[in-house]
Amino acid sequence: MPRAPSGLFPSGPPTRPTYREPNPVTGGGVAAGGGAAAGWLLLFGLLGTDVASYAWWTVIAGLLAWVTALVLVRYGDRGVATGVAIVTAGGWSIAAAVVAVRWATSGDWPLW
C-alpha cells in the first residue's frame, strides 16, 4: 500500500496558482511617504499667519495629499500612499487641536 506524501517534497505543480504582488508595501516606502507628507504639510502650514489661516492651509494641503495617496494606491506604491495618509491624518489632528485650544482659551470660534 503506497503512503501519502508528506508535502515536504512536492510531487507536482500546486493545485492553485501562487500570486506575487508587484509592489509590496515596505517600511522604506511608508517612511518615504510619511517624510514627504510631513514636509508638504509643513510648507503649507508656514503659509498661515494666524490660527484660522494655518488650519485652512493644513486642510487644503491634506486634501491634496490624500488625492495623491489615492492615485498612488491605484497606480503606484501603496507603501508610500500609506505613509502619506498616516502623516496627513496626524497633521489634521494637530491642526484640530490648535483650533480647539484657541477656541477654548478665547471663547470664539477661530475658523470663521
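About the criteria used
Residues numbered from 1 in each chain as written. Predicted model: local features only at pLDDT ≥ 70, side-chain atom pairs only at ≥ 80, totals over all residues. Heavy atoms only, no water. Phe/Tyr/Trp six-rings, centres within 6.5 Å; stacked < 30°, edge-to-face > 60°. Helix = DSSP H or I, 4+ residues; strand = E, 2+ residues; numbered from the N terminus. Buried < 20%, exposed > 50% of the residue type's maximum accessible area, 1.4 Å probe, protein only. Contact = heavy atoms within 4.5 Å. Expected span 1.5 Å × (residues − 1). Polar contact = N/O pair within 3.5 Å; in protein donor to acceptor, adjacent residues only side chain to side chain. Axes fitted to C-alpha atoms, helices over the stretch in contact; angles between N-to-C directions. Left-handed = near helix turned anticlockwise from the far one by under 90°. Nonpolar A, V, L, I, M, F, W, Y, C, P; charged D, E, K, R; others polar.

1. Details of the packing of aromatic side chains
The geometry of an aromatic ring pair is captured by two quantities: the separation of the ring centres and the angle between the planes.
Line of reasoning, step 1. Applying the stated rule across the entire model yields 6 aromatic pairs.
Line of reasoning, step 2. Here tryptophan 66 and tryptophan 92 contribute two aromatic rings whose centre-to-centre distance is 5.0 Å and whose plane-to-plane angle is 50°, an arrangement assigned as tilted. Taken as a pair, tryptophan 66 in helix H2 (residues 51–75) and tryptophan 92 in helix H3 (residues 78–106) lie far apart in primary sequence, 26 residues in all.
Line of reasoning, step 3. Centroid distance tryptophan 109 to tryptophan 112: 6.1 Å. Interplanar angle 55°. Geometry classified as tilted.
Line of reasoning, step 4. Owing to a relative accessible area of 77%, tryptophan 112 belongs among the exposed residues under this scheme.
Line of reasoning, step 5. Ring pairing ties together the aromatic residues Trp56, Trp103, Trp109 and Trp112, which thus form one cluster.

2. As for the side chain of threonine 88
Line of reasoning, step 1. Inspection of the secondary structure assignment puts threonine 88 in helix H3.
Line of reasoning, step 2. Threonine 88 has contacts with Ala37, Leu41, Gly62, Ala65 and Trp66, leaving out every residue within four places of it along the chain.

3. Concerning H2
Line of reasoning, step 1. Across its 25 residues, H2 extends 36 Å between first and last C-alpha, which sits within 8% of the 36 Å expected from 1.5 Å per residue.
Line of reasoning, step 2. Contacts made by the buried residues of H2 are with helix H1 (27–45) and H3.

4. A closer look at H3
Line of reasoning, step 1. Taking 1.5 Å per residue as the helical rise, H3 with its 29 residues ought to reach 42 Å, and the 42 Å between its terminal C-alpha atoms agrees with that figure.
Line of reasoning, step 2. Residues of H3 that are buried include every one of Gly79, Ala81, Gly83, Val84, Thr88, Gly91, Ala95 and Val99, and no others.
Line of reasoning, step 3. In this structure aspartate 77 caps H3, since a side-chain oxygen of it lies 3.0 Å from the backbone nitrogen of glycine 79.
Line of reasoning, step 4. Directly beyond the C-terminal end of H3, a positive phi value near 80° is found at glycine 107.

5. Topic: the packing of H1 against H2
Helices that pack against each other are described as a pair by the angle of their axes relative to one another and the distance between those axes.
Line of reasoning, step 1. Their axes nearest at 8 Å, the elements H1 and H2 cross at an angle of 145°. H2 is crossed by H1, and the crossing has right-handed handedness. For the pair H1 and H2, the contacting residues are Trp40, Leu41, Phe44 and Gly45 in the first and Tyr54, Trp57, Thr58, Ile60, Ala61, Gly62, Leu64 and Ala65 in the second.
Line of reasoning, step 2. Looking at the contact of H1 with H2, its residues break down into 9 nonpolar, 3 polar and no charged.

6. Concerning the environment of arginine 16
Line of reasoning, step 1. Structurally, arginine 16 can be placed in the segment before H1.
Line of reasoning, step 2. Arginine 16 sits in the exposed class, given a relative accessible area of 65%.
Line of reasoning, step 3. Separated by 39 residues in sequence, arginine 16 and alanine 55 place their C-alpha atoms 52 Å apart.

These results come straight from atomic positions and should not be treated as a statement about function.
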